[in-house]
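Residues per chain, in single letters:
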Amino acid sequence: MHRTPVLAVALVSAAALAYEILLMRLFSIGLWHHFAAMIISLALLGYGASGALLTLAPRAIERHFAPLFCAFAAAFGVGAALCFLLSQHLPFNPLELLWDPWQPVWLMGTYLLLSLPFLCAGACVCLALARFRGMQARIYSFDILGAGIGSLGVVGLLFVLSPQSALKLVAALGWLAAACAWAESGSMRRWPMAMLLLAGAGTTLLLPAAWLAPAMSPYKELVQALRVPGTHVVLERSSPLGLVSVIESPQVPLRHAPGLSLNATAGPPQQWGVFTDGEGLNALARFDGRRESLAYLDQLASALPYHLLQRPRVLVLGAGAGADVLQAHYHGAARIDAVELNPQVVRLVRERFGEASGGLYDGIAQPHVAEARAFLATGRERYDLIQVALLDGFSASSAGLHALAENYLYTVESLQEQLRRLRPGGLLAITRWATLPPRDMLKLFAAAITALERAGVADPAARLVLIRSWKTSTLLVKNGVFDAGEIAAVRAFCQARSFDLGYLPGMRAEEANRYNQVEGPTLFDGATALLGPGREAFLRDYKFHIDPATDDRPHFFHFFKWRSLPELLALKGRGGLPLIEWGYPVLAATLLQAVLASLLLIGLPLAWITRHRAAAPGPPGARGRVLLYFLAIGFGFMFVEMAFIQKFVLFLGHPLYAVAVVLFAFLLFAGIGSRAAARGPPLRWVVAAIVASALLCLLLLPLLLRHAMGLPEAARIALAAGLIAPLAFFMGMPFPLGLARVEALDARLVPWAWGINGCASVVAAVLATLLAIHLGFSAVVLMALGLYGLAAAARP
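The model shown is predicted, which means the values in this text are computed figures rather than measured ones.

About the criteria used
- Residues numbered from 1 in each chain as written.
- Predicted model: local features only at pLDDT ≥ 70, side-chain atom pairs only at ≥ 80, totals over all residues.
- Heavy atoms only, no water.
- Helix = DSSP H or I, 4+ residues; strand = E, 2+ residues; numbered from the N terminus.
- Buried < 20%, exposed > 50% of the residue type's maximum accessible area, 1.4 Å probe, protein only.
- Contact = heavy atoms within 4.5 Å.
- Areas by Shrake-Rupley, 256 points an atom, 1.4 Å probe, with all protein chains shown as cover.
- Salt bridge = Lys/Arg side-chain N within 4 Å of Asp/Glu carboxyl O.
- Disulfide = S-S within 2.5 Å.
- Axes fitted to C-alpha atoms, helices over the stretch in contact; angles between N-to-C directions.
- Parallel < 35°, antiparallel > 145°, perpendicular 65-115°, else oblique.
- Left-handed = near helix turned anticlockwise from the far one by under 90°.
- Nonpolar A, V, L, I, M, F, W, Y, C, P; charged D, E, K, R; others polar.
- Phe/Tyr/Trp six-rings, centres within 6.5 Å; stacked < 30°, edge-to-face > 60°.
- Lys NZ or Arg CZ within 6 Å of the ring centre and 35° of its normal.
- Pairing = 2+ DSSP bridges.

Caption draft 1: Broad picture of the overall build of the protein. Counting its regular elements, the protein contains 28 helices and twelve strands. Sorting the 796 residues of the protein into buried and exposed places 62% on the buried side. For the protein, the proportion of contacts with a sequence separation of at least 24, taken over those separated by at least 6, is 77%. Surface exposure of the protein reaches about 29200 Å², of which carbon and sulfur atoms provide 62%.

Here it is in structure tokens:
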């Protein structure tokens, strides 16, 4: 090959990163979106394994570079579609992980199968780095520039294509990269072969999209609902924010009213079910303008604040299909502002179901398409009532599958913002699913206490009310003290509807647990313990993790404690397994499998070749430094990247946007930095610049969250990229600088170094998430800076 195939490298890297983000979207539909760390880890496993594979055949790289490159690129084109299709037939179910001995096997099978396309893409890049000596900085820059473009481009693609159609296009890019590489090879027969490879791309595009449609888990709410006779999907809309599905059930009418009193005499009118990615059931009710048809809404636990306020100005956060909007309308709200993140849902209610919903978002309420925290941070209007809707589905919530998800709506800082937007005497009302033993509501109650204390409130107990129905719990936080009349109104409301008091200023223990009886007044006991002097001991000794979530540790749904696991497993025969929060054990299992897989596919081949070859690459002391250096920068880079992805979820409003934008910015500017590394700047100065840039980011990000949340989406993306740019620029330098030193030492160590870096990155992608859950994102970034310091000390 006469020319360096930088265009082909950029294309295959763009395809690989687009595939990575596309897998997150497909996993969101098929399983749950909280497996992002696993997907990033398996991508890196494939990249690392490619280095180990090529270390075994250094002569083949020299002799057969062009055929090998084209073969791996074309294999990516085949594998991207085929491996996903095969993974759909593996019976992996995270809910069964701890009792079905085959589930770890299926998890490992899924993990390894989906890493194969990334192995092919990584092999292309590693081949180019090993073959064209002295060109590492240029090749590496095109590699990560292409990857950056792919990560952002696929998000734009998902606005116009379904995920399965986008998957075909991404697979075709692999064939296109192979055709470009062969055309640049200088072979006499280059054009006929290039045309044949282009035909492979065309064939991939002609595949029926239905073959690649993600199969939903049978445990998802939509799949369960469709089992009801006569139930069918009437409408589906797809975007990067989710697959919105609307169902109707004419034979067995849908009746969705969470927290409805058992004393209620009227039920809801005709309803449609609205799901996002098969979860989070929202009921869209038919409303013909007759107020009496909405009488059931006064029998919900969430109706309590309307019995303490007169004609309130209401803000509904997470309005969805509008059930809480109708509740406010029924109770005579003077004004209703409805905030919903997904524009598809607002458009659907306003246009497709506008007449049937009685003009819900075209007259009854003023809809705002925005992220809730962004709306709170930028608006100035104050409200009598802020109602936080029941945003997630009961099945996923009760199974603990949200444990890995960042949720910035229930953090202490979020509650402080919501309280600041209340008028004097205004109420914040939050409804959650009731769980036994209580978890969600106690964690939220603890966060509310902390938010009030930070605001300088001397007696938080006088501003809190908590009630429980048979299915939901509702917490009220007042911008003021509950007076005797309001306390009496709460008691009357609960008595008329057979709701239980969880906490009320001045209540006695015997007033709790009267109607929907459980084993003991656990909600009242927990609330009083959190308000008392023994709060820290209670939080420490409670069987679940209910410390308040913060913006630095926003995993509200993380309740798992390792010391409770033996007790819960011992209750297996008596229904104890549903008490286990499954998201966290799945992540821990993924970490274990990432370590095993990286050692098996990367570490062992590298160790074998070093031990058994007569001319093992490099002197022993140098190999040790290479090992430590590339391990350190692999862990360091991924720690920073994963922490920033999670931190920017709040600023950019959606996990997929955060992944795409952060990856794009890191890869784009790291690519530019890698080109600058060709000038050979001193490593110690590069590491010093990384430390300074990272600390600056940690200082500036809170200011962005405070002052720039309300900016248009494009402006926030530009600000995020601008903040990341200096850090990413310098983080792009250590790898090519180290690789250049390795090549000067012994060129055979280049694939070895690539594999070691990949091995570290595989484990770091999952480990960073676990550390962030326990220590916070800022601590993960600081650990990464220490690792870069270690790399500077151990440079080859």
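Caption draft 2: Up close: the pattern of salt bridges. Summed over the entire model, instances satisfying the criterion amount to 20 salt bridges. In this structure, the salt-bridge partner of R497 is D298, at a minimum N-O distance of 2.9 Å. Highlighted residues: R497 in helix α17 (residues 484–497) and D298 in the loop between β4 (279–285) and β5 (313–317), separated in sequence by 199 residues. The burial state of R497 is the same as that of D298; both residues are buried. Salt-bridge contacts for D384 lead to R423; the nearest nitrogen and oxygen are separated by 3.5 Å. One end of the pair, D384, is in strand β8 (residues 383–388); the other, R423, is in strand β9 (residues 422–433), with 39 residues separating them in the sequence.

Caption draft 3: Structural context of the state of the cysteines. This model, assessed by the stated rule, comprises zero disulfides. Note on C83: no disulfide assigned, nearest cysteine sulfur contributed by C120 at a separation of 7.7 Å. For the unlinked cysteine C180, the closest cysteine sulfur is that of C70, found at 9.6 Å.

Caption draft 4: Seen up close, the packing of helix α4 (residues 65–87) against helix α5 (residues 103–131). Look at α4 against α5: their axes get within 7 Å of each other, and the N-to-C directions meet at 165°. Judged on the interaxial angle alone, α5 and α4 are roughly antiparallel. Relative to α5, α4 is oriented so that their crossing is left-handed. Of the residues belonging to the contact of α4 with α5, the class tally is 22 nonpolar, two polar and one charged.

Caption draft 5: Quick peek at the packing of aromatic side chains. Taken as a whole and judged by the stated rule, the model has 20 aromatic pairs. An angle of 75° between the planes, with centres 6.1 Å apart, marks the rings of F556 and F559 as edge-to-face. Residue classification places F556 among the buried residues on the basis of a relative accessible area of 0%. Take F559: its relative accessible area is 1%, and that puts it in the buried class. Lying over the aromatic face of F353, R352 brings its terminal NZ or CZ to 4.8 Å of the ring centre. Seen from the ring of F556, K443 lies directly overhead, with NZ or CZ sitting 5.8 Å from the centre.

Caption draft 6: Representation of the sheet that holds strand β3 (residues 271–276) within the structure. Across the sheet, which stays open at both edges, the four strands sit in the order β1-β2-β3-β4 with antiparallel pairing between neighbours. At either margin of the open sheet sits one strand with a lone partner, and together these are β1 (232–239) and β4. Looking at each pair of strands side by side, their axes are set apart by 20° on average, direction ignored. Pairing geometry for β3 and β4, over five bridges, is antiparallel.

Caption draft 7: Representation of the pairing of β1 in the model. Two elements, β1 and strand β2 (residues 242–248), share seven bridges in a ladder whose sense is antiparallel. Looking at the pairing, R237 lines up with V244 of β2. Following β1, the chain reverses through two residues before pairing antiparallel with β2.

Caption draft 8: Examining the sheet that holds β9 more closely. Taken in spatial order, the eight strands line up as β7-β6-β5-β8-β9-β11-β10-β12 in an open sheet, and their pairing is mixed. Of all strands in the sheet, those bounded by a partner on one side alone are β7 (366–369) and β12 (500–503). Between one strand axis and the next, the sheet turns through 20° on average, direction left out of account. Pairing of β9 with strand β11 (residues 472–478) involves seven bridges; the strand directions are antiparallel. The residue bridging L427 from the neighbouring strand is K478, located in β11. Across the face of the sheet, helix α10 (residues 323–330) comes into contact with β5, β6 (335–340) and β8 while running at roughly 175° to β6.

Caption draft 9: Quick peek at the pairing of β8. The buried fraction of β8 amounts to six of the six residues, a majority that puts the element mostly inside the structure. Direction of pairing for β5 relative to β8: parallel, over a ladder of four bridges. Counted as the bridge partner of V314 is L385 from β8. As judged from the five bridges shared by β8 and β9, these two strands associate in the parallel manner. Bridging across to β9, Q387 finds its partner in A429.

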